[in-house]
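# Descriptive analysis of the structure
Read off the chains here:
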Amino acid sequence: MTPIQTTKMSNFRWVICALLFLATTVNYMDRQVLSLTWKDFIAVDFHWTDADYGFITGMFSLFYAVANLFAGKFIDWMGTKKGYLIAIFVWSTGAVMHAGCGWVAMNVEGYDSFEALRAVQAGSDAAVAIATISVWLFLSCRLILAVGEAGNFPAAIKATAEYFPKKDRAFSTSIFNSGASVGALAAPATIPLLARAWGWEMAFIIIGVLGYVWMGLWMWLYEKPRQNKRVNQAELNYIEQDSDIADVQDRDAVKEEKAIPFFKCFTFKQTWAFLVGKFMTDGVWWFFLFWAPAYFSDQYGYTSDSTMGILLIFTLYFIVTVLSIGGGYLPKYFVEKRGMNPYLGRMRAMLIFACFPVLGLLAQPLGAYSAWWPAILIGLLGAGHQAWSANLFSTIGDMFPKSTIGTIVGLGTMTGGLGSMAINMGSGNFFTWAAAQDANFTFFGFEGKPAAYMVVFCICAVAYLIGWCIMKTLVPKYKPIVVE
């Protein structure tokens, strides 16, 4: 007989959710420092082109993808607490190391100041040499950053599965996942100003140090629910309501679930549905994350440290932040009010969110009237992505045992990184080529580089609907995987 609970339920799970939110915020701020400083600060020092930046972002995505192949399994093996600590230490260290790239490039090439680097004639052999050495130095730091950042989502999703029942996971995931948009929101309001006041190097250092602060909080507060003295029995029963062990009073009496072997994961259609969803859509988010500041600088002349440039990027991510949190509530409504199972409710919500990016088709045409239109429309597109992403991550907890969640998240984030590599590296080379073609390249009434942006926006607009259709075909109904 189930014992009657008379103790008021603790709510420590939301403290854990807040920590995941903070980690994701720091994660995206570290990732954004380069995108907000390269066009107007770093490129000036090192003579970078769009193709150089596209190569860096594309290779970062590749590093991130490969690291994710192992990150999920590493988190499952190491455990949520230790695995997350190691991940954020590595990426914070990589972030801080970016600050030294300028000094190393200057000394390797034999210059005594950044002014001397800038004074080199554009297009000359010396400028090409400076660009080449600096690109490879930044790539080395991006490699370290990518390896560490690969652990963020596997660890965060695993922690969510440990601390929340299935019906609350999409909402809790949407909260911590909104840290991505909050980080992207805080970044344009702080990073360009730091770069202008103290140099782009200090922007990398200051933002990178935030990760070390988070590590102290995580060490102090995190333990698994059954070992965490801040979680009382009432909250533990709530957390474990989906299992048959919710009312077990002995916290040490429950055995860990058996994990699914790595290669066996690929035999399930549920795995492939998640991989496809990530591959088709992650690159869209990363494209706008990496290229939005350059887009407003190129197309409208608003540099990242100008008041208008800051306001445009801030507005874009403010829309993303406010609207995306609601993405976790919609499937909750379908489950609790409409009686759907979690997977069906999530897929219904994801179809709705997949329609948001179609608004991206209007960004370039309406941008002819005002730069505010692309900022607003890209913001709506980004909100759709974040809501989609929160629910996509939560499908893993619906289908897979907790012991394998980190592995599946890592695999999916790997394919998302590959999709991002394709769109970012391809876009960088495409933009450089289109700018050189000028009026010889046209698309939907646009010429040169604006036409290239329109092409990429079209790709981004339809990616989610295509991804949803493939996912629904692979896994049409709710079918959780049971480990024998």
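Since we're looking at a predicted model, the values are computed, not measured. (Residues numbered from 1 in each chain as written. Predicted model: local features only at pLDDT ≥ 70, side-chain atom pairs only at ≥ 80, totals over all residues. Heavy atoms only, no water.)

We now examine the overall build of the chain. The helix and strand inventory of the chain stands at 18 helices and 2 strands. Scaling as 2.2 N^0.38, a compact globule of 484 residues should have a C-alpha radius of gyration of about 23 Å, and the chain matches this with 23 Å. Taken along the three principal axes of its C-alpha coordinates, the chain extends 80 × 45 × 40 Å. Per-residue burial for the chain yields a buried fraction of 58% across its 484 residues. Sequence separation of 24 or more characterises 82% of the internal contacts of the chain that already satisfy a separation of 6 or more. (Helix = DSSP H or I, 4+ residues; strand = E, 2+ residues; numbered from the N terminus. Rg over C-alpha atoms; globule rule 2.2 N^0.38 Å. Buried < 20%, exposed > 50% of the residue type's maximum accessible area, 1.4 Å probe, protein only. Contact = heavy atoms within 4.5 Å.)

Within the element layout of this structure, methionine 202 appears in helix 9 (residues 200-221). The exposure class of methionine 202 is partly exposed, given its relative accessible area of 31%. With 26 residues separating them along the chain, methionine 202 and asparagine 228 place their C-alpha atoms 38 Å apart.

With the rule as written, the count across this model stands at 12 salt bridges. Salt-bridge contacts for lysine 39 lead to aspartate 298; the nearest nitrogen and oxygen are separated by 3.1 Å. Separated by 259 residues along the polypeptide, lysine 39 in helix 1 (residues 12-46) and aspartate 298 in helix 11 (residues 269-300) bring together distant segments of the chain. Overall, the relative accessible area of 22% leaves lysine 39 in the partly exposed class. For aspartate 282, the salt bridge is made with lysine 278, and the minimal N-O distance between the two is 2.9 Å. Pair noted here: aspartate 282 and lysine 278 are both in helix 11, with a separation of 4 residues, about one helical turn. Lysine 278 matches aspartate 282 in its accessibility class, with the two residues each being buried. (Salt bridge = Lys/Arg side-chain N within 4 Å of Asp/Glu carboxyl O.)

Our focus in this paragraph is unusual backbone geometry. Here histidine 47, not a glycine, exhibits a phi torsion of approximately 60 degrees, which is positive. Position of histidine 47 relative to the elements: it lies in the loop between helix 1 and helix 2 (50-78). Phi angles above zero are rare outside glycine, and aspartate 438 is one such case at about 55 degrees. Mapped onto the elements, aspartate 438 comes out in the loop between helix 17 (405-437) and strand 1 (442-443).

Another aspect to go through is the packing of aromatic side chains. One pass over the structure, following the stated rule, counts 53 aromatic pairs. Plain terms: the ring middles of phenylalanine 46 and tryptophan 48 are 6.2 Å apart, the flat faces sit at 35 degrees to each other, and that makes the pair tilted. On the numbers, 6.2 Å between centres and 40 degrees between planes, the contact of phenylalanine 153 with phenylalanine 176 is tilted. Here phenylalanine 153 is found in helix 7 (residues 152-163), whereas its partner phenylalanine 176 is found in helix 8 (residues 166-198), with 23 residues between them in sequence. Look at phenylalanine 176 and you get buried, because its relative accessible area is 0%. Taking the ring centre of tyrosine 64 as reference, the NZ or CZ of arginine 31 above it sits at 5.0 Å. Between the NZ or CZ atom of arginine 142 and the centre of the ring of phenylalanine 60, over which it lies, the distance is 4.8 Å. (Phe/Tyr/Trp six-rings, centres within 6.5 Å; stacked < 30°, edge-to-face > 60°. Lys NZ or Arg CZ within 6 Å of the ring centre and 35° of its normal.)

We now examine the nonpolar core. Counting residues in hydrophobic clusters, the biggest one holds 146 residues, and the most contacted among them are Phe46, Trp48, Phe138 and Phe287. Here this core gets 17 residues from one element, more than from any other, and that element is helix 1. (Core = buried A, V, L, I, M, F, W, Y, C linked by side-chain atoms within 4.5 Å.)

A separate point is a nonpolar patch on the surface. Where nonpolar side chains cluster on the molecular surface, the patch consists of Phe89, Val209, Tyr212 and Val213 and spans about 340 Å² of accessible area. Per-element tally for the nonpolar patch: the top contributor is helix 9, with 3 residues. On the secondary structure map, valine 209 appears in helix 9. By relative accessible area, which is 36% here, valine 209 ends up partly exposed. (Patch = residues over 30% accessible without salt bridge, like charges linked within 9 Å, V, L, I, M, F, W, Y side chains within 5 Å. Areas by Shrake-Rupley, 256 points an atom, 1.4 Å probe, with all protein chains shown as cover.)

For the rest of this paragraph, the subject is the packing of helix 13 (residues 329-336) against helix 14 (residues 342-354). Where helix 13 contacts helix 14, the axes come no closer than 8 Å and their chain directions differ by 135 degrees. Here helix 14 runs oblique to helix 13, going by the angle between their axes. As for how helix 13 packs across helix 14, the hand of that crossing is right-handed. Every residue of helix 14 that contacts helix 13 at Leu330, Pro331, Phe334 and Val335 is listed here: Pro342, Gly345, Arg346, Arg348, Ala349, Ile352 and Phe353. Looking at side-chain class alone, the contact of helix 13 with helix 14 contains 8 nonpolar, 1 polar and 2 charged residues. (Axes fitted to C-alpha atoms, helices over the stretch in contact; angles between N-to-C directions. Parallel < 35°, antiparallel > 145°, perpendicular 65-115°, else oblique. Left-handed = near helix turned anticlockwise from the far one by under 90°. Nonpolar A, V, L, I, M, F, W, Y, C, P; charged D, E, K, R; others polar.)

In this section: the packing of helix 16 (residues 372-399) against helix 18 (residues 448-474). Close contact between helix 16 and helix 18 brings their axes to 12 Å; oriented N to C, the two are set at 25 degrees. Relative to helix 18, helix 16 is oriented roughly parallel. Relative to helix 18, the crossing made by helix 16 is left-handed. Listed contacts from helix 18 to Ile378, His385, Trp388 and Leu392 of helix 16 are Phe457, Tyr464, Gly467, Trp468 and Met471. In the contact of helix 16 with helix 18, the residues fall into 7 nonpolar, 2 polar and no charged.

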